[in-house]
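Summary of structural features
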Amino acid sequence: KQEVTQIPAALSVPEGENLVLNCSFTDSAIYNLQWFRQDPGKGLTSLLLIQSSQREQTSGRLNASLDKSSGRSTLYIAASQPGDSATYLCAVRGGKAAGNKLTFGGGTRVLVKP
Amino acid sequence: ETGVTQTPRHLVMGMTNKKSLKCEQHLGHNAMYWYKQSAKKPLELMFVYSLEERVENNSVPSRFSPECPNSSHLFLHLHTLQPEDSALYLCASSPSLAGAYEQYFGPGTRLTVT
């Protein structure tokens, strides 16, 4: 059974510092990995999707890497801003044998202080 | 309206009430999902529908009853709920069940069972 872990559970940084968020998963037979942002009491906004054949994806200040063999992904957010404060979730999509399920980590709650 | 919408956004109900959550997607997708997000637990997949047929029931108690009358609408009928069912209920959709596609999430319904 796939398990996804995100460490740390919470992170507080001063504005301008780079953010590094970690995600690990136990079953490397994944289809893809997705990073989401969730603001308090709100739904999920997709940030980046990395297919299993890719090593990284970039969008603006965001960069996500994927090392499938070691079961790890890292989300980097450069030059953090107070508006980046949110909970960041990673989710892995299992293959057909796993019913194509999306399994979520518990999230990292980020606070960027002005 | 665009994307995935959910109504109501907030719901308070007693344990003997019957209520329904509604999800609508305006993206032309063929797969729809219900997720539950409780405090201090990762997002959990509840139900999956593809082309209006339920393809997954993730061991969800029968007090939760999904309905998908067409590919744009998904309902979650609730009856005789327990306080531990209080959570954020998120709906998502994707073009199909195929693993390569992203899931797009609605804003959620915050449910409180008293």
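Above this text is the structure in question.
Residues numbered from 1 in each chain as written. Chains lettered and ligands numbered in written order. Predicted model: local features only at pLDDT ≥ 70, side-chain atom pairs only at ≥ 80, totals over all residues. Heavy atoms only, no water.

Residue and element names in this part refer to chain B. If you trace the four strands from one edge of the open sheet to the other, you get 1-3-8-7, paired in antiparallel fashion. Looking at which strands have only one partner, the edges of the open sheet turn out to be strand 1 (4-7) and strand 7 (64-70). Here the average twist between neighbouring strands, direction ignored, is 20°. (Pairing = 2+ DSSP bridges. Helix = DSSP H or I, 4+ residues; strand = E, 2+ residues; numbered from the N terminus. Axes fitted to C-alpha atoms, helices over the stretch in contact; angles between N-to-C directions.)

Here the focus is the sheet that holds strand 6 (residues 56-59) of chain A. The strands that make up a sheet pair up through hydrogen bonds in the backbone, lying either parallel or antiparallel. All names here are of chain A. Strand order across the open sheet formed by five strands is 1-3-8-7-6, with antiparallel pairing between neighbours. Unpaired on one side and paired on the other, strand 1 (4-7) and strand 6 mark the two borders of the sheet. Put simply, the sheet's adjacent strands are angled 15° from each other on average, direction ignored. Pairing analysis gives six bridges linking strand 7 (residues 62-67) to strand 8 (residues 72-77), with the strands arranged antiparallel. Bridge pairing links Leu66 to Ser73 in strand 8.

The next thing to look at is the environment of Ser72 of chain B. Residues and elements named next belong to chain B. Counting through the fold element by element, Ser72 comes out in the loop between strand 7 and strand 8 (73-79). On the basis of relative accessibility, which here comes to 27%, the residue Ser72 falls in the partly exposed class. A sequence separation of 36 residues divides Ser72 from Gly108, and the C-alpha atoms of the two residues are 16 Å apart. The residues touching Ser72, leaving out its near neighbours within four places in the chain, are Cys23, Glu24, Gln25 and Met32. (Buried < 20%, exposed > 50% of the residue type's maximum accessible area, 1.4 Å probe, protein only. Contact = heavy atoms within 4.5 Å.)

The next point concerns the interface of chain B and chain A. Contacts between the two partners involve 22 residues from chain B and, on the opposite side, 20 residues from chain A. The contact between chain B and chain A buries some 1,600 Å² in all, and 50% of this surface belongs to carbon and sulfur atoms. Applying the counting rule to chain B against chain A returns four residue pairs in polar contact (both at pLDDT 80 or more). Elements that contribute at least two residues to the side of chain B that touches chain A include exactly strand 4 (31-37) and strand 9 (87-94) of chain B. (Buried area = accessible area lost by both parts, 1.4 Å probe. Polar contact = N/O pair within 3.5 Å; in protein donor to acceptor, adjacent residues only side chain to side chain.)

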